[in-house]
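Structure assessment
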Amino acid sequence: MNKYISVEARAKLRQNVTLKEYSSHETLELFRKAEDIDWLLGIPAIDQQGTQAADVDDLDDIDCRDEMPRQDESQFYAPNCAYRTLPLSYPRASVSVRGNLSALSTGYLFTAGPSGSNVWPRYNIIMTSTGDPVYFREREVDVSSFAPTHRGQLLWWHLQHRAQVLGPDYEVRHEFSGKHGEHQEGHEFQLMKNGNGLIFIYDFQLLQGQKLRPDVKWTKGVVGVVIQEITADGDVAFEWRSWDHLPLSFWESHITVINGIWDVFHANSLEEAHDGNILLSMRTMSQIIKINRDTGEVLWRLGGRGGNFRIVNDTNGQFRQQHDVRDLGKQAGANRISLFDNAVGSTPASARGVEYDLFFDSDGKPTEARLATALLDNQNPTNTLRLHFSWNGATEVKRWRVVTSERYDEPLTEVLATVKKKQFEHWVDLPEEDKQRCHYYQAVALGARGKEMRRSNLVASWSCS
């Protein structure tokens, strides 16, 4: 096995300094390619030119209205060509309307394009859902992302391996970059509750993967992941390396080898959990892990090979090659996370957004990812709307308590009915007025002495939007 390269050596390699002790020209080229995310994903570099006002065939045909587009319009140009305070180079778009404009959700669209060394001008833009400008800024450097984070911070992600957090005046408040000679990776940046920045790094090491797994094609290097928590002053408060905490990953990872480099984990999202620890999504592993922020210990693993949970009630069996893992906190009596499931290799192979409730035993050990099942149905002789519920495999349930609320974002407490467990599945009839109003329901499994054991999934009445 090849020995690991020191931080100092890697830093010199990135400066294109050839070190005879460690590197050949071929090795240097591998390092440069390994830091190129597009190359690692097998995506060719493409320059894209935005549509400019000058590209429109006849500007006289454009509707230079004084107001926003009408709801009955099928096509319009944005921004309005009657505007005079926008620069001439501002990108103009032709908008095709399908449906009614009044059905559009309120909010803003963010964009940072086009990119590329030969593309000019480059703009960061915030616009309304109909393309009307809210904020724009012509920039001198490439930015791969300009958007709010899910916690509301406005972020620029520079291709020069640094993240800038903006204030309400759109000026830079904080800047974060990878430390110890490493370059942060562009999939994710999070500003933590304490004001520190949370990033991860693709860590390249010289290693012949075929010596570990015979089914791996020839490789000269492997890519792991390093997580860094960085203070506003640029100090590293926490660092975690996949090589130290996931020793079985070489045998559990899906084999993804491109041009001799094995991407063992392909980390693609980070999250500060509600308890202060860290969630990491590893796409190649089809797995999510939770990391103790004090010790670096892997607290649990969800999905993939070697996961700690048994996933139930998932029509796809489990998620595969996911993105965008988020902690939703302790909702409805459970630890809940959401993710975007790319469903690569699943049947049916259709991407989806999913949520999982994570359950633990009295010692804090993971159990099933969802236990009791509840659903609404009216397929009965009287067409009565009923809530059906069961818990597959449970033997210690003594009673079921059905709870309800008009709100879904806090634990349900209003008791609708209590049923003694006599058979596999039970149901209760819902009030007639619930057919016309939005309500939420859960079935709560009760054990000896009325102790709550688990809650089912949250069920919304059919009138909820």
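First, a word on what this report is: a plain description of the structure on this page. (Residues numbered from 1 in each chain as written. Predicted model: local features only at pLDDT ≥ 70, side-chain atom pairs only at ≥ 80, totals over all residues. Heavy atoms only, no water.)

**Focus on the overall build of the protein**
Rules: Strands are runs of DSSP state E lasting at least two residues, helices are runs of H or I lasting at least four, and both sets are numbered from the N terminus onward. Using a 1.4 Å probe on the protein chains alone, a residue whose accessible area is under 20% of its type maximum counts as buried, one over 50% counts as exposed, and one in between counts as partly exposed. Any two residues whose heavy atoms approach within 4.5 Å are treated as being in contact. Computed by Shrake-Rupley with a 1.4 Å probe, the accessible areas treat only the displayed protein chains as cover when residues are assessed.
Looking only at helices and strands, the protein has 5 helices and 30 strands in total. For the protein, buried positions account for 48% of its 465 residues. Within the protein, contacts between residues at least 6 apart in sequence are counted, and of these 48% link residues at least 24 apart. Within the structure as shown, the protein displays about 24,100 Å² of accessible surface, and the carbon and sulfur contribution to it stands at 47%.

**Regarding the state of the cysteines**
Structurally, a disulfide amounts to a covalent bond that connects the sulfur atoms of two cysteines. To keep it simple, the criterion reads: Cysteine sulfur atoms are paired as a disulfide whenever they fall within 2.5 Å.
For the coordinates displayed, the defined rule picks out 1 disulfide. Disulfide partner of cysteine 438: cysteine 464, at an S-S distance of 1.9 Å. On the sign convention where negative is left-handed, the bridge of cysteine 438 and cysteine 464, at about 100° about the S-S bond, is right-handed. Of this pair, cysteine 438 sits in the loop between strand E27 (425–429) and strand E28 (440–446) while cysteine 464 sits in the segment after strand E30 (459–460), and the two are 26 residues apart along the sequence. Given the relative accessible area of 15%, cysteine 464 is considered buried.

**Let's talk about the nonpolar core**
Which entries qualify depends on this criterion: Only buried residues count toward a nonpolar core, which is a set of Ala, Val, Leu, Ile, Met, Phe, Trp, Tyr and Cys residues joined through side-chain atoms within 4.5 Å.
In this structure, Phe200, Ile227, Trp240, Phe265, Leu280, Ile289 and Ile291 are the most contacted members of the largest nonpolar core, which totals 30 residues. Mapped by element, the contributors of at least two residues to this core are strand E11 (197–206), strand E12 (221–230), strand E13 (236–241), strand E15 (261–263), strand E16 (267–272), strand E17 (278–282) and strand E18 (287–291). Leaving out residues up to four positions away in the same chain, isoleucine 291 has contacts with Ile227, Phe238, Trp240, Asn277, Ile278, Leu280, Gly296, Glu297 and Leu299. Of all hydrophobic cores here, the second largest spans 18 residues; its members include Ala394, Val402, Val428 and Val459.

**A short note on the sheet that holds strand E24 (residues 386–390)**
Threshold: Two strands are said to pair when DSSP picks up at least two bridges between them. Here the axes come from fitting lines to C-alpha atoms, over the contacting stretch only for helices, and the angles between their N-to-C directions go from 0 to 180 degrees.
Here we have 3 strands laid out as an open sheet, ordered E23-E24-E27, and antiparallel in their pairing. This sheet does not close on itself; its edge strands, each paired only once, are strand E23 (373–377) and E27. Strand-to-strand, the axes of this sheet are offset by a mean angle of 20°, without reference to chain direction. In the sheet, E24 pairs with E27 via 5 bridges, with the strands oriented antiparallel. Bridge pairing in E27 links serine 390 to glutamate 425.

**Some points on the side chain of serine 390**
For serine 390, the location among the structural elements is in strand E24. Those residues in contact with serine 390, other than ones at most four positions away along the chain, are Ala372, Thr373, Trp400, Phe424 and Glu425.

**Overview of the pairing of E28**
Within E28, 7 of the 7 residues are buried, which leaves it mostly tucked inside the rest of the structure. Judged by which residues are buried, E28 turns out to be covered on both faces: Tyr440, Gln442, Val444 and Leu446 on one side and Tyr441, Ala443 and Ala445 on the other are all buried. For strand E25 (residues 399–405) and E28, the ladder comprises 7 bridges, and the chain directions are antiparallel. Note on E28: the bridge partner recorded for arginine 399 is leucine 446. In this sheet, E30 lies alongside E28 in antiparallel orientation, the contact comprising 2 bridges. Along E30, the bridge assignment pairs tyrosine 440 with alanine 460. Of the pairings in the sheet, the one linking E28 to strand E29 (residues 452–455) comprises 3 bridges and is antiparallel in character.

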